[in-house]
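Breakdown of the fold
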Amino acid sequence: MIIEPIELKHLLDFAVRLAREAGAITYRHFKGSFSAEHKADNSFVTIADREAERHIRSIIERTFPDDGILGEEEGVKNGVSDRRWIIDPVDGTYSFVHQVPLYGVLIGLEIADEPVLGVVNLPALNELIYAARELGCFWNGERARVSTTKELEQALLLATDFGVCEQHGLGSAVDSLSRKVHARRTWGDCYGHVLVATGRADIMLDPVMNIWDCAALLPIVEEAGGTFTNWRGERTINGGNAFSTNGVLFESVLQAITGKDYKV
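A brief look at the structure comes next. Positions within a chain are numbered from 1, following the residues in the order the chain's sequence is written. The predicted nature of this model means local features are confined to residues of pLDDT at least 70 and side-chain atom pairs, given and counted, to a pLDDT of 80 or more, with totals for whole chains, interfaces and linings taken over all residues. Water and hydrogen atoms were dropped before computing side-chain values, which therefore reflect all heavy atoms in the structure.

**Description of the packing of helix α1 (residues 5–30) against helix α2 (residues 47–63)**
For helices, the fitted axis covers only the stretch in contact; all axes are lines through C-alpha atoms, and the angles between them, taken along N-to-C directions, range from 0 to 180 degrees. Note on conventions: DSSP H or I runs of at least 4 residues are helices, E runs of at least 2 residues are strands, and numbering of each starts at the N terminus. Direction vectors running N to C along α1 and α2 enclose 155°, while the axes themselves pass 9 Å from each other. When the axis of α1 is compared with that of α2, the two are roughly antiparallel. Of the two elements, α1 crosses α2, and the hand of that crossing is right-handed. Residue-level contacts link Phe 14, Arg 17, Leu 18, Glu 21, Ala 22, Ile 25, Thr 26, Arg 28 and His 29 of α1 to Ile 47, Ala 48, Glu 51, Ala 52, His 55, Ile 56, Ile 59, Ile 60 and Thr 63 of α2. Classification convention: Asp, Glu, Lys, Arg as charged; Ala, Val, Leu, Ile, Met, Phe, Trp, Tyr, Cys, Pro as nonpolar; all other residues, Gly among them, as polar. Residues of the contact of α1 with α2, tallied by class, amount to 10 nonpolar, four polar and four charged. Comment on the angle field: the value is read as roughly parallel under 35 degrees, roughly antiparallel over 145, roughly perpendicular from 65 to 115, and oblique elsewhere. The hand of a helix crossing depends on one turn: near helix anticlockwise from the far one by less than a right angle means left-handed, and clockwise means right-handed. Throughout, a residue-residue contact means that at least one pair of heavy atoms, one from each residue, lies within 4.5 Å.

In structure tokens:
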């Protein structure tokens, strides 16, 4: 896959604009009144999810009609180009429906199956994080970098819900890691990975992740200097789970949760 930096910057600017617009749609509902429904997997969906995704899809389809699209709420639109946009209109819907501001609009782009850019808009926090391959990661316009924490004993570990890890057979792994770190907090969903990318936390664990949860986050964390892999240490957005680190701690985290080493 070869793409010129100027073209990638154009695509990133387009994704940033879309994420801002979709964020405004979700925030209007967040500050107002809305009803929430349960989907088949028992997760929430709201009018904000649906309106935001429809807006994003309509602009992509008009601007890049040959591109594929995958969205959490409206599924797959096959394309004829080698590009696929991957959308999560409200990541952290549980926070959203309880009017907790830790939710985000996620837009990622694959080119030839490689995640090349990502945008996370956290409209209720007024934070915008975006990155593209070899163009860097930015947080509200300023360059973002992961932390320099070198030891697990100094690290801040995050998860959306540590109890869910146990439900998915990962409880012993998390217990092992939790005993080694300095502190742990439940600042979760996309916000936890953003905290790693911006140097405010060191490790974020997610025992269950869909492709639309991961597509924007992998390039953001990597361009900030960190790692984003599944729990086997494989660099992927299709792993079914994920953890991000500041890079320095990657092998220590992987050793703690799997008992094996992995070289980045």
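**A closer look at the nonpolar core**
Grouped burial of nonpolar side chains is what soluble globular proteins tend to show. Joining through side-chain atoms within 4.5 Å is the link that ties buried Ala, Val, Leu, Ile, Met, Phe, Trp, Tyr and Cys residues into a set, and such a set is a nonpolar core. Throughout, exposure labels follow a simple rule: accessible area from a 1.4 Å probe, protein chains only, divided by the maximum for the residue type, with under 20% read as buried, over 50% as exposed, and the rest as partly exposed. Val 120 and Phe 228 are the most contacted members of the largest nonpolar core, which totals 36 residues. Elements represented by at least two residues in this core include exactly β7 (114–122), β8 (127–132), β11 (156–159), α6 (189–197), α7 (211–214) and α8 (217–223). With six residues, α6 is the largest single contributor of residues to this core. Apart from the residues within four sequence positions on either side, Val 120 is in contact with Val 105, Leu 106, Glu 127, Leu 128, Ile 129, Cys 190, Val 194, Leu 217 and Ile 220. The next biggest cluster of nonpolar side chains, apart from the first, holds 28 residues, and it includes Leu 11, Leu 109, Val 119 and Leu 128.

**A look at the packing of aromatic side chains**
The rule is short: rings of Phe, Tyr and Trp, with Trp giving its six-membered ring, pair when the centres are within 6.5 Å, and they are stacked under 30 degrees, edge-to-face over 60, tilted in between. This structure, assessed with the given rule, holds nine aromatic pairs. Ring centres 5.5 Å apart and planes at 50° place the aromatic pair Phe 30 and Phe 96 in the tilted group. Of this pair, Phe 30 sits in helix α1 while Phe 96 sits in helix α3 (residues 93–97), and the two are 66 residues apart along the sequence. This pair shows no difference in class: Phe 30 is buried, exactly as Phe 96 is. Ring centres of Phe 243 and Phe 250 lie 5.7 Å apart, and the angle between their planes is 10°; on these two criteria the pair is classed as stacked. For the pair Phe 243 and Phe 250, a shared accessibility class is recorded, and that class is buried. Each residue in the set Tyr 27, Phe 30, Phe 96 and Tyr 103 is aromatic and connected to the rest through ring pairs, giving one cluster.

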